Amino acid sequence: MLANLLSILRTLRRPQPSTLDTPRRSYTPTKSMSSHPTPWIPPELLEQVLSEVWAIPQTPYERAALFKTLCKVNRMWLGLFLRVAMRDVHIPCPLFARDLLRLLPERALSLGDADLFTAEAMALVSKLCRSMTFHIDGGASRGGGSTGEPAIKLYSQTDAAPTAISTVLYMVSTFGYLPNLRKVTLQYTDWGYDDLFDQLRLAIFPAQTTHLALHYSFSAPALVPLAVYLKTLYTRHQQAHFALPSVRHLEVAGVPAEFVADMLQICPGLETLEMANPARLYVLAPLPPSVRTVVLRVPGITLDKEHMHWWMLTAAMESKLFDPDAGGRIVVRSGTPDPVAWTETKRFCRRFGVELLYERDETAFYDP
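Attention here is on the structure that accompanies the text.

Re the overall build of the protein chain
Across its full length, the protein chain holds 16 helices and nine strands. Taken over 368 residues, the protein chain has a buried fraction of 46%. Taken as a whole, the protein chain presents about 19400 Å² of accessible surface, with 56% of it coming from carbon and sulfur.

What to know about empty space enclosed by the protein
Counted by the stated rule, this structure contains two cavities of 30 Å³ or more. For the second largest cavity, the calculated volume is near 30 Å³. Along its surface, the second largest cavity is lined by Ile91, Cys93, Pro94, Phe134, His135, Ile136, Ala161 and Ala164. Those elements that place two or more of their residues in the lining of the second largest cavity are β2 (131-137) and α10 (160-175). A total of three residues in the lining of the second largest cavity trace back to one element, the largest contributor, which is β2. Looking at the lining of the second largest cavity, its residues break down into seven nonpolar, one polar and no charged.

Some points on the packing of helix α6 (residues 94-102) against α10
Contact geometry of α6 with α10 gives a least axis separation of 9 Å together with a crossing angle of 15°. One element, α6, and the other, α10, form an angle in the roughly parallel class. Helix-helix and strand crossings are classified by hand; for α6 and α10 the assignment is left-handed. Contacts between α6 and α10 involve Pro94, Ala97, Leu100 and Leu101 from the first element and Ala160, Ala161, Ala164, Thr167, Val168 and Met171 from the second. A breakdown of the residues in the contact of α6 with α10 according to their chemical character gives nine nonpolar, one polar and no charged.

Here we look at unusual backbone geometry
Omega for the bond connecting Ala285 with Pro286 falls within 30 degrees of zero, at -10°, which places this linkage in the cis form. For Leu200, which is not a glycine, the phi torsion comes out positive at approximately 50°. Mapping Leu200 onto the fold places it in the loop between α11 (195-198) and β4 (211-217). For Lys320, which is not glycine, the phi torsion reads 60° and is therefore positive. Locating Lys320 in the fold gives a position in the loop between α15 (313-318) and β8 (328-334). Of the residues examined, Lys320 reaches a relative accessible area of 48% and is grouped as partly exposed.

Observations concerning the packing of helix α3 (residues 43-55) against helix α5 (residues 75-87)
As a packed pair, α3 and α5 sit with axes 9 Å apart at the nearest point and diverge in direction by 45°. On the basis of their axis angle, the class for α3 and α5 is oblique. In the packing of α3 onto α5, the handedness of the crossing is right-handed. Across from Pro43, Leu46, Glu47, Leu50, Ser51 and Trp54 in α3, the residues of α5 making contact are Met76, Trp77, Leu80, Phe81, Arg83, Val84, Ala85 and Arg87. Of the residues in the contact of α3 with α5, the class split is 10 nonpolar, one polar and three charged.

Regarding the pattern of salt bridges
Within the structure shown, the criterion is met by 14 salt bridges. For Arg87, the salt bridge identified is with Glu47, shortest N-O distance 3.4 Å. With Arg87 in helix α5 and Glu47 in helix α3, this pair connects stretches of sequence that are 40 residues apart. Assigned by exposure class, Arg87 and Glu47 land together as buried. We note a salt bridge from Arg280 to Glu258, for which the minimum N-O separation is 2.9 Å. Of this pair, Arg280 sits in the loop between β6 (272-276) and β7 (293-298) while Glu258 is found in helix α13 (residues 257-266), placing the two residues 22 residues apart along the sequence. If you follow the salt bridges from partner to partner, you end up with Glu47, Arg83 and Arg87 in one network.

About the cut-offs
- Residues numbered from 1 in each chain as written.
- Predicted model: local features only at pLDDT ≥ 70, side-chain atom pairs only at ≥ 80, totals over all residues.
- Heavy atoms only, no water.
- Helix = DSSP H or I, 4+ residues; strand = E, 2+ residues; numbered from the N terminus.
- Buried < 20%, exposed > 50% of the residue type's maximum accessible area, 1.4 Å probe, protein only.
- Areas by Shrake-Rupley, 256 points an atom, 1.4 Å probe, with all protein chains shown as cover.
- 1 Å grid on protein atoms, 1.4 Å probe; cavity = no way out; pocket = protein on both sides within 12 Å on 5 of 7 lines; lining within 4 Å.
- Points joined across faces, edges and corners; volume = space filled by probe spheres on them.
- Nonpolar A, V, L, I, M, F, W, Y, C, P; charged D, E, K, R; others polar.
- Axes fitted to C-alpha atoms, helices over the stretch in contact; angles between N-to-C directions.
- Parallel < 35°, antiparallel > 145°, perpendicular 65-115°, else oblique.
- Left-handed = near helix turned anticlockwise from the far one by under 90°.
- Contact = heavy atoms within 4.5 Å.
- Salt bridge = Lys/Arg side-chain N within 4 Å of Asp/Glu carboxyl O.

The following block contains the structure:
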């Protein structure tokens, strides 16, 4: 799909001559014009197309290639695409983190005269940046690429990809950059679950950021059994060494319930917890009093009784998942639920003062 979109975009890359410098004249098609038409779309529509392409889930390699391609078309494309890329920043590899830091004011001044890319991007990133996504690929850090033997990286003090998280967030937090940054996403691929806590990746976190997303996925089917085994081995961190008081919305995917419980411990102001393919909710009980909404995402499938069973809501409610006096609500986003199982579950939740809501979500869950 991404390759097809790039092919279409390349047909639109030829810039149009300005009509301001030429007299108005009647249009008479010629043989050369009819055989080689020059496509054109308004800049506003082109920016929307670029925004849609940039939002498509991609691997770090695909996103880096897309970035380089779209920046080399022409100056108009550069200006339009940078508005999109600087609004929702992706860091697919450590080199992109270095380039992002070049755009910060003090670093940019120390580098002297800026090239076209730096000048355009520096003017946009501080004003527009609303989200930042870090891609931490264990396979790429091993240097094996797609031909390497699949494996899960458990631990590293020196890996450049996760180190980039700490470096960029430190600069943003310490110097007050990116005042409109509201969401930070970490996408770990082929990594274990302890790096975030053991290496204190989020110890310095921007005060203006209220949404945090943590996604863990595995690139090869052969790694899935090992990933399941690692979930069973995960051990709770009894003492938190840092806190994220500004986070109000936490989104997690591909992690064990104990990992979620550790995150709840360091987010004292959390209001909404969103989990993909949840299980064993009793591990989270009781939730912090500030949490009033839990979102359970099971996208792209019909929700049957077996899926609901893995939530273990009975044990969770009996362990006072929500504050009995304040109550709460559970929002389920999935395909069509089994009507009998849904009615029973909704009636059960109501006994504990918890509202159960349904929102249709037919999108497929993406694992890069």
